[in-house]
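Chain by chain, the residues run as shown.
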2 protein chains.
Amino acid sequence: MNNRRSGPGTPGKTPLTASPWKASHERERDREVKRDAVIRAAAREFNRKGYHNTSLDDIAARLEVTKPTVYYYVTSKEQLLFQCFVAGVERIRAAFREVRRSQAPGRERLSAVLRHYGEAVASEFGWCMVRAEEQDLAPAMSRHIKALKSEIDQGIRRLIREGVQDGSIQPCDPKMTAFALAGALNWIAHWYREDQSLSGAQIAAAFVTVFEAGLRPRGNGAVAEPAAREAPRRRARRTAAALTR
Amino acid sequence: MNNRRSGPGTPGKTPLTASPWKASHERERDREVKRDAVIRAAAREFNRKGYHNTSLDDIAARLEVTKPTVYYYVTSKEQLLFQCFVAGVERIRAAFREVRRSQAPGRERLSAVLRHYGEAVASEFGWCMVRAEEQDLAPAMSRHIKALKSEIDQGIRRLIREGVQDGSIQPCDPKMTAFALAGALNWIAHWYREDQSLSGAQIAAAFVTVFEAGLRPRGNGAVAEPAAREAPRRRARRTAAALTR
């Protein structure tokens, strides 16, 4: 299907229907790639200077094109902010779709989603996903964003419930746990910079390790958990006693 | 020392040095109470309408006083935002001071600080502590805030390290763990409203429970941990096998 034009790898073979115009599916692909570049450039500028301090001119300048070119791909700065949000959130939704097909225990599916979540927030779209103010958007867009956020929150709670049910997650309050997990991940957008020593994927993986392990130490195969938990307190008491001796 | 004026509880006892003016320590206390009320009112207004949309007139109106009265306690709106931040953070610093005197294991001291941290973020000062933009403040104030934030981050890391050392905290990366914990707590300011069913203290306690437990189930006294961890995966595999039969 894709042999309308011969590439440099097929010398001497003249295409039957040579045309100076690109095929429509190629034009479509081309447009998508360029639209994507506009959205990424906007995300980076919003992140760097804030939404109100960024103009479409800035975004055009970053791409070395004119403002009308940018307008060819998006209708307004507001729509651009909305699209940046959607682009980031779409990564998390894709992760949910992927784990839906998996038979792994709830905790593994949840952790996979949380890793993608963390990567999305640490990406160029993080600022728009987390720090942009909803009042900067028209009510319809704002409602759409609220609905997507709620979908993700509900998805996390569902995976937590499924994990508790299949025994892979510690019994817990799914709502509070979802809020704690998502909050920690959202906050990445407040401190992470792309030039840091760790990549977004590494940060996300480190956070998932923290969530999974919890602060309280775990017994190993040999030591039963309650004994391991009591030990430090006894040790501290001994220290206290030693100090007052 | 404090018997210059007799209260309603000491009838018939005329003070030796009756005076229509308040004692200086009473004036000082009075001023502090009023200054505190101004800061609280400002915190509530900033939270409700954002910093830029709040005027000193709004704050005066809320307190049913004139703007000059507000100016008697603070020199500018900017200083008010700074004081709101300091008031919130001071609660966390007080918690650090308190646990410094304690001989409890690291995890207990950390959890106590985190509970106060969560309560502070869920208080009227949460918005100023977390959501206010540092660029709204003069460089000197902004530096002061950065220093206080860093002090708290370092304090959390120190408690984590001490907990790992005394065996009360699971070995972990103190920096990433501190970022995950503080992030989850900071995010409370993005979703918590005072009219919600749970109090700030309840939210904070629920979060600490999540942090301490972690997602991975724990064996009880009878079951060694690794076995408990493997169970769900085996169960899932059986389910997968059943589905493909």
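Structural data are supplied above this passage.
Before going into details, it helps to say that this report is about the structure given with it. Model, not experiment: these values are computed from the prediction.

So, the overall build of chain A
No. 1: The helix and strand inventory of chain A stands at 10 helices and zero strands.
No. 2: The N-to-C order of helical and strand elements in chain A reads α-α-α-α-α-α-α-α-α-α.
No. 3: Looking at chain A as a whole, 44% of its 245 residues are labelled buried.
No. 4: Looking at chain A alone, contacts between residues at least 24 apart form 62% of all its contacts between residues at least 6 apart.
No. 5: Carbon and sulfur atoms make up 52% of the accessible area of chain A, which amounts to about 13300 Å² in all.

With respect to the packing of aromatic side chains
No. 1: A full pass over the atoms with the stated rule returns 12 aromatic pairs over all chains.
No. 2: Members of the aromatic cluster, joined through ring pairs, are Phe179(A), Trp191(B), Tyr192(B), Phe207(B) and Phe211(B).
No. 3: It is Arg31(A) that lies over the ring of Tyr72(A); its NZ or CZ is 4.7 Å from the centre.
No. 4: In this structure, Lys77(B) is placed above the aromatic ring of Tyr51(B), and the distance from its NZ or CZ to the ring centre is 4.4 Å.

A few points about the side chain of Ser142(B)
All names here are of chain B.
No. 1: Of note, Ser142 is situated in helix H7 (residues 139-166).
No. 2: Residue classification places Ser142 among the buried residues on the basis of a relative accessible area of 10%.
No. 3: Once residues within four sequence positions are removed from consideration, Ser142 is found in contact with Glu134 and Leu137.

A word on helix H9 (residues 200-213) of chain B
No. 1: Helix length check: H9(B) (14 residues) gives 20 Å between terminal C-alpha atoms against 20 Å at 1.5 Å per residue, within 8%.
No. 2: Every buried residue of H9(B) is listed here: Gly200(B), Ile203(B), Ala204(B), Phe207(B), Val208(B), Val210(B), Phe211(B), Glu212(B) and Ala213(B).
No. 3: On its buried face, H9(B) sits against helix H8 (174-191) and helix H9 (200-213) of chain A together with helix H5 (106-122) and helix H8 (174-191) of chain B.

Observations regarding the pattern of salt bridges
No. 1: One pass over the structure, following the stated rule, counts 32 salt bridges over all chains.
No. 2: Notably, a salt bridge pairs Glu212(A) with Arg107(A), separated by 3.3 Å at the nearest N-O pair. Note that Glu212(A) is positioned in helix H9 and Arg107(A) in helix H5 (residues 106-122), a separation of 105 residues in sequence. There is no split in this pair, since Glu212(A) and Arg107(A) are both buried.
No. 3: The salt bridge involving Glu90(B) is made with Arg93(B); its shortest N-O contact spans 3.3 Å. You can see Glu90(B) and its partner Arg93(B) sitting in helix H4 (residues 77-100), three residues apart, about one turn around the helix.
No. 4: Glu90(B) gets classed as partly exposed once you look at its relative accessible area, which sits at 28%.
No. 5: Connected through shared salt-bridge partners, Glu45(A), Arg48(A), Lys49(A), Asp58(A) and Arg62(A) make up one network.

Observations concerning the environment of Asn53(A)
Residues and elements named next belong to chain A.
No. 1: Of note, Asn53 is situated in the loop between helix H1 (24-49) and helix H2 (56-63).
No. 2: Judged by relative accessible area, Asn53 falls into the exposed class, the value being 57%.
No. 3: Reaching out from Asn53, the side chain makes a polar contact with the backbone oxygen of Lys49 at a distance of 3.1 Å.

Re the packing of helix H1 (residues 24-49) of chain B against helix H2 (residues 56-63) of chain B
All names here are of chain B.
No. 1: Where H1 contacts H2, the two axes come as close as 9 Å, and the packing angle between them is 120 degrees. Comparing the axis directions of H1 and H2 gives the class oblique. Helix-helix and strand crossings are classified by hand; for H1 and H2 the assignment is right-handed. Between H1, through Ala37, Val38, Ala41, Ala42, Arg44, Glu45, Phe46, Arg48 and Lys49, and H2, the contact on the second element is made entirely by Asp58, Ile59, Arg62 and Leu63.
No. 2: Across the contact of H1 with H2, the residue classes tally to seven nonpolar, no polar and six charged.

Some thoughts on the packing of H5(B) against H9(B)
All names here are of chain B.
No. 1: Following both chains from N to C, one finds H5 and H9 inclined at 140 degrees, their axes separated by 8 Å at the closest point. As the angle between them shows, H5 and H9 are arranged oblique. The handedness of the crossing between H5 and H9 comes out as right-handed. Of the residues in H9, those in contact with Arg107, Ser111, Leu114, Arg115, Gly118, Glu119 and Ala122 of H5 are Gly200, Ala201, Ala204, Ala205, Val208, Phe211 and Glu212.
No. 2: Here the contact of H5 with H9 is composed, by residue class, of seven nonpolar, three polar and four charged.

Calculation criteria
Residues numbered from 1 in each chain as written. Chains lettered and ligands numbered in written order. Predicted model: local features only at pLDDT ≥ 70, side-chain atom pairs only at ≥ 80, totals over all residues. Heavy atoms only, no water. Helix = DSSP H or I, 4+ residues; strand = E, 2+ residues; numbered from the N terminus. Buried < 20%, exposed > 50% of the residue type's maximum accessible area, 1.4 Å probe, protein only. Contact = heavy atoms within 4.5 Å. Areas by Shrake-Rupley, 256 points an atom, 1.4 Å probe, with all protein chains shown as cover. Phe/Tyr/Trp six-rings, centres within 6.5 Å; stacked < 30°, edge-to-face > 60°. Lys NZ or Arg CZ within 6 Å of the ring centre and 35° of its normal. Expected span 1.5 Å × (residues − 1). Salt bridge = Lys/Arg side-chain N within 4 Å of Asp/Glu carboxyl O. Polar contact = N/O pair within 3.5 Å; in protein donor to acceptor, adjacent residues only side chain to side chain. Axes fitted to C-alpha atoms, helices over the stretch in contact; angles between N-to-C directions. Parallel < 35°, antiparallel > 145°, perpendicular 65-115°, else oblique. Left-handed = near helix turned anticlockwise from the far one by under 90°. Nonpolar A, V, L, I, M, F, W, Y, C, P; charged D, E, K, R; others polar.

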